[in-house]
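These are the residues of each chain, in order.
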Amino acid sequence: MVKLTINGHAFEADPCQTVLSVAQQGGIDIPTLCHSEAIHDYGACRVCLVEVERRGRKRLVTSCLYPVEEGLKVTTDSEKVVRVRKTVMELLLARCPNSAAVREMAEKLGVTESRFKSDEEDSKDNCVLCGMCARVCAEVVGASAISLVNRGTEREVALPFYDDAGSCIACGSCAYICPTDAITLVDTASKRIISWPKGTADFALKACGRCGIHFAPVKQLEFMAAKSQLSPTEFELCPDCRRMN
């Protein structure tokens with residue numbers, strides 16, 4: 001175990017922990033838009049900035065990525081941290097002025113307006129480019145059907161070659177984990193429609209072999225059968241009908 005302080009309070013932590021995880025366990029609030037225990041952290045949103053002091057030198061770091069170490073002094077609410085965090089929030093607000101999640105966090109941090117000009121095209125969607133959709137697809141699902149492409153102002157979420165949804169199993173993990181609802185999922189009578197800022201794809205839903213209700217994407221069930229090495233016939237019934245067996 002290593003000893004450190006956060007806002008003057010002493011903590012002991014496992015060496016593999018990050019500053020963010022220790023703070024959260026200790027009840028110290030550090031705002032973040034792109035942290036989830038389901039996936040590896042990436043430090044994309046930069047809202048979780050804190051100030052660390054090590055060997056007499058202070059600097060700002062993303063708490064979700066910074067590992068704890070012996071004698072580390074962490075400050076989450078210094079004047080510098082608050083000022084820079086507000087600037088980051090203003091940038092996010094300029095990019096996604098219509099996102100309820102961004103506006104809510106901005107208001108929580110005392111930011112109601114942005115000094116920065118919104119790009120008319122980018123402001124139409126709610127994507128903060130955190131990459132959580134791509135990471136959950138790669139790390140949890142194992143499909144890597146969506147990713148961040150291009151650089152700088154051209155950065156965006158896209159399918160391979162922009163229109164190849166062949167690797168997507170339509171599980172919807174990208175929509176469920178998206179912190180700003182930039183990716184949406186809608187189930188109609190027999191289709192699942194997944195939409196992201198600059199694209200849409202629809203997938204057939206499987207009809208239950210007994211009651212006929214459409215209950216899950218065909219591609220997702222095929223993926224599950226292959227992964228589990230079970231017969232596809234094991235996935236013919238909806239959850240309700242399976243419980244009746």
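Our structure is the block above this text.
Keep in mind that this is a model prediction, so the values were computed, not measured.

Some thoughts on empty space enclosed by the protein
Empty space among the atoms can be located by rolling a probe the size of a water molecule over them. If you walk through the whole model with that rule in mind, you get two cavities of 30 Å³ or more. If you add up the space inside the largest cavity, you get close to 170 Å³. In terms of lining, the largest cavity is formed by 18 residues, of which the most central are Ala 145, Ile 146, Cys 168, Cys 174 and Ile 194. For the lining of the largest cavity, the secondary structure elements donating two or more residues are helix 4 (132–141), helix 5 (173–177), strand 9 (191–196) and strand 10 (199–207). When the residues that make up the lining of the largest cavity are grouped by side-chain class, the tally is 16 nonpolar, two polar and no charged.

Some details on the side chain of Ser 63
In this fold, Ser 63 is placed in the loop between strand 4 (57–62) and strand 5 (73–75). Judged by its relative accessible area of 0%, Ser 63 falls in the buried class. Polar contacts involving the side chain of Ser 63 include one to the main-chain carbonyl oxygen of Cys 48, which spans 2.8 Å. When neighbours within four sequence positions are excluded, Ser 63 is seen to be in contact with Thr 18, Val 19, Leu 20, Ile 30, Cys 48 and Val 50.

So, the sheet that holds strand 4
Strand order in this open sheet of five strands is 2-1-5-3-4, and the pairing throughout is mixed. Each having just a single partner strand, strand 2 (9–13) and strand 4 make up the two edges of the open sheet. Sheet twist, expressed as the average angle between the axes of neighbouring strands with direction ignored, equals 30°. Pairing geometry for strand 3 (residues 49–54) and strand 4, over six bridges, is antiparallel. Looking at the pairing, Val 52 lines up with Arg 59 of strand 4. Taken strand by strand, helix 2 (residues 79–95) contacts strand 3, strand 4 and strand 5, and its axis lies near 145° from that of strand 3.

Description of the pairing of strand 10
Consecutive residues of a regular strand have side chains that alternate between opposite faces of the sheet. In the sheet, strand 9 pairs with strand 10 via six bridges, with the strands oriented antiparallel. Looking at strand 10, one finds that Ile 193 is bridged to Asp 202. In sequence, strand 9 turns back onto strand 10 through a hairpin of two residues. Taken together, the three bridges between strand 10 and strand 11 (residues 214–217) define a ladder with antiparallel strand orientation. Bridging from a neighbouring strand, Leu 205 pairs with Pro 217 of strand 11. Two successive antiparallel strands, strand 10 and strand 11, enclose a turn made up of six residues, where Gly 212 displays a positive phi of approximately 85°.

Notes on the environment of Pro 31
For Pro 31, the location among the structural elements is in the loop between helix 1 (19–25) and strand 3. Looking at Pro 31, the relative accessible area reads 5%, which means it is buried. Look past the residues within four positions of Pro 31 in its chain and what remains in contact with it is Val 47, Cys 48, Arg 85, Met 105 and Leu 109.

Criteria and cut-off values
- Residues numbered from 1 in each chain as written.
- Predicted model: local features only at pLDDT ≥ 70, side-chain atom pairs only at ≥ 80, totals over all residues.
- Heavy atoms only, no water.
- 1 Å grid on protein atoms, 1.4 Å probe; cavity = no way out; pocket = protein on both sides within 12 Å on 5 of 7 lines; lining within 4 Å.
- Points joined across faces, edges and corners; volume = space filled by probe spheres on them.
- Helix = DSSP H or I, 4+ residues; strand = E, 2+ residues; numbered from the N terminus.
- Nonpolar A, V, L, I, M, F, W, Y, C, P; charged D, E, K, R; others polar.
- Buried < 20%, exposed > 50% of the residue type's maximum accessible area, 1.4 Å probe, protein only.
- Polar contact = N/O pair within 3.5 Å; in protein donor to acceptor, adjacent residues only side chain to side chain.
- Contact = heavy atoms within 4.5 Å.
- Pairing = 2+ DSSP bridges.
- Axes fitted to C-alpha atoms, helices over the stretch in contact; angles between N-to-C directions.

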